[in-house]
Amino acid sequence: MSGAVFYIFGATGDLAKRKLFPAFYSLYREGKLGHNFAVVGLARRPRTNEQFREDVQRSINDFARYKIADDGEWQEFAKHFEYMSLDINNVAGFHELNALTAKLDERFQTGGNRLFYLALAPELFGNVSYNLREGGLLETKGWHRLVIEKPFGYDLPSAERLNSQLRQVFEEQDIYRIDHYLGKEMVQNIEFVRFANAFFEPLWNNKYIANIQITLSETVGVEERGGYYDHSGALRDMGQNHMLQMLMMMAMEPPSRLHPEDIRDEKVKVLRSLRLFENSEDVRANVVRGQYTNGTAKGKSLPAYRDEDSVNPQSTTETYFAARVHVDNFRWAGVPFYIRTGKRLPLKTTEVVVEFKNIPNNVYLAKKHDLQPNLLVFRVNPMEGIYFKMNAKQPGSEGVIVPVAMDFCQSCQIGINTPEAYERLLHDAARGDSTYFTRWDEVALAWTYVDRIAAAWAETSTDLKTYPAGSWGPDEAAEMLAKDGFKWWPINGQNEGEVDWETVAPKASVLT
Ligand SMILES: NC(=O)C1=CN([C@@H]2O[C@H](COP(=O)(O)OP(=O)(O)OC[C@H]3O[C@@H](n4cnc5c(N)ncnc54)[C@H](OP(=O)(O)O)[C@@H]3O)[C@@H](O)[C@H]2O)C=CC1
Ligand SMILES: O=C1O[C@H](COP(=O)(O)O)[C@@H](O)[C@H](O)[C@H]1O
């Protein structure tokens, strides 16, 4: 990687602490950062360089997958970190930042390259980019890249406004819009499994696939993010981005080359093929929304969403949604994609299940053997792996057929210590690889799809269902699949209530 100055706007915030500083450390430990770099932390509150370095050290101790080796190594790493107090609305501060940068360029031989990471509330994004230019920070010969956190807008019009503000300063190719799901090992692996194997592609279409299910379930509630979440809801928080991104990875055509634009072109074609909902009735028939009430999980009582901090006690925000999505193209016509996500569900997990159609003629039916459909399951989070469920003769039986699994459990083999999503994405942005970042046309098309749902929901909230915290969401989500003759496949191939995730998932280990 070439040298660079990294600017973390929002350096005293939660994302910087939990994800970004640990990512820098892992990259450094693996030799991916080199030595020609500086990291400047920026936020309003005052901090000395020493205090800031202590914050960084604490965050690494708490959240990184590597342990700090020894004090000498730490000092060597820490000297690359500087802090400057800056209000992003104050352009004078940016001139000062430019002066500091000139010194860092010289000290660390960064080549004038700059990566600006905006770990800030979205309403501040536009001002930062404008002030970066005004402050002279873009006047070097090196590259200048802007990394932007989600959410990218609240709907299509606000996303367009934000994008045009950014585009006044940065070219599209220099804007790296983060969707951290694209940095996850197994989300990236969808592409590899599909396009590097001979036996999936011939089956990957409406002739052989009955439906595809994408589940992103969380046990947490809104925690301390009620202020943001109550305004956003599950559809905007997860649907517009992570869920549609995974759907695109499953549905896209093989790119002719692995150039980032070729891959993103294929993904965009999927979004263009999504069947838009025509009216509120169409939305109600295909999308279920819910909000959790009080409940219990693992013997612990959990409060209702409306009783959470910073949530409006009359809130009609959805903490759950499930949708039937259609991709109207040659490959997928007639194959429903079911997507669901929710807070306060029984398990923290992300899985993608491909359910294959039944064989044309069940010769075992005469012996009263119903066959289970074949399933291919991508386990994204927290377990990582792929398994294939098929039918086989029960050993020693008189022709009893049982479902068996071919299980590639990546996390059992190497532990949950593959690079964190943020580590990979930071590295990619620093190398100029935009493959796993979202391009503007993807963002715009995703909002176009989601806005139709949000508009129908804004008309009335009578269709908002409730579900007890700790359950799998409103019954209507199961009924939606039942109408099509399907069911949600149990997570990890097991039935509800059978999975104790604590014992199933190996713990992440800390590397020394
Ligand atoms: N936290 C997470 O896990 C995730 C966060 N994100 C996104 O990342 C972004 C940051 O989130 P998060 O870290 O949780 O937010 P926090 O509220 O924890 O942090 C916000 C940061 O912005 C700084 N800040 C606020 N106003 C200004 C200002 N006027 N000038 C300079 N700095 C300012 C704050 O510091 P100070 O008060 O000192 O100025 C603080 O460092 C958001 O867009 C969020 O949606 C996305 C996915 C996950
Ligand atoms: O972007 C977000 O993602 C997290 C879930 O991410 P994961 O990597 O832990 O699965 C979610 O909790 C949060 O609400 C959302 O903003």
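Structure shown above.
These lines cover the structure that appears in this document, whether it is placed above or below. Small disclaimer: the values here were computed from a predicted structure and weren't measured.

1. Details of the sheet that holds strand 5 (residues 144-148)
As a general point, the strands of a sheet are linked pairwise by backbone hydrogen bonds and lie either parallel or antiparallel.
Piece 1. Read across the sheet, six strands follow the order 3-2-1-4-5-6 without closing on themselves; strand pairing throughout is parallel. Bordering the open sheet on either side are strand 3 (81-85) and strand 6 (175-177), each of which pairs with just one other strand. Each strand axis lies, on average, 20° off the axis of its neighbour in the sheet, ignoring direction.

2. What to know about the sheet that holds strand 7 (residues 209-217)
Piece 1. Spatially, 16-15-14-13-7-12-11-8-17 is the arrangement adopted by the nine strands of the open sheet, whose pairing is mixed. The sheet is open, and its two edges are formed by strand 16 (401-409) and strand 17 (464-468), each paired on a single side. Strand-to-strand twist of the sheet, defined as the mean angle between neighbouring strand axes without regard to direction, takes the value 20°.
Piece 2. One ladder, built from five bridges, connects strand 8 (residues 287-293) with strand 17; its direction is parallel. Looking at the pairing, threonine 293 lines up with proline 468 of strand 17.
Piece 3. Against the sheet, helix 7 (residues 185-195) touches strand 14 (375-381) and strand 15 (385-393), its axis set at about 145° to strand 14.
Piece 4. Set on the sheet, helix 8 (residues 226-251) makes contact with strand 7, strand 11 (320-326), strand 12 (336-342), strand 13 (349-356) and strand 14; between it and strand 12 the angle comes to about 145°.

3. Considering the pairing of strand 3
Piece 1. The buried fraction of strand 3 amounts to four of the five residues, a majority that puts the element mostly inside the structure.
Piece 2. Both strand 2 (residues 37-43) and strand 3 contribute to a ladder of five bridges, which runs parallel. By the bridge assignment for strand 3, valine 40 is matched with glutamate 82.

4. Let's talk about the packing of aromatic side chains
A ring pair, where both rings are aromatic, is described by two values, the distance of the centres and the angle of the planes.
Piece 1. Under the defined criterion, the tally for this structure stands at 27 aromatic pairs.
Piece 2. Residues phenylalanine 21 and phenylalanine 81 carry aromatic rings whose centres are separated by 6.4 Å and whose planes lie at 75° to one another, so their mutual orientation is edge-to-face. Residue phenylalanine 21 is located in helix 1 (residues 14-29), and its partner phenylalanine 81 is located in strand 3; the two are separated by 60 residues in the primary sequence. Assigned by exposure class, phenylalanine 21 and phenylalanine 81 land together as buried.
Piece 3. Consider the rings of tyrosine 229 and tyrosine 305, whose centres lie 6.3 Å apart with planes at 70°: the pair is edge-to-face. In this pair, tyrosine 229 sits in helix 8 while tyrosine 305 sits in the loop between strand 10 (300-302) and strand 11, placing the two residues 76 residues apart along the sequence.

Calculation rules
Residues numbered from 1 in each chain as written. Chains lettered and ligands numbered in written order. Predicted model: local features only at pLDDT ≥ 70, side-chain atom pairs only at ≥ 80, totals over all residues. Heavy atoms only, no water. Pairing = 2+ DSSP bridges. Helix = DSSP H or I, 4+ residues; strand = E, 2+ residues; numbered from the N terminus. Axes fitted to C-alpha atoms, helices over the stretch in contact; angles between N-to-C directions. Contact = heavy atoms within 4.5 Å. Buried < 20%, exposed > 50% of the residue type's maximum accessible area, 1.4 Å probe, protein only. Phe/Tyr/Trp six-rings, centres within 6.5 Å; stacked < 30°, edge-to-face > 60°.

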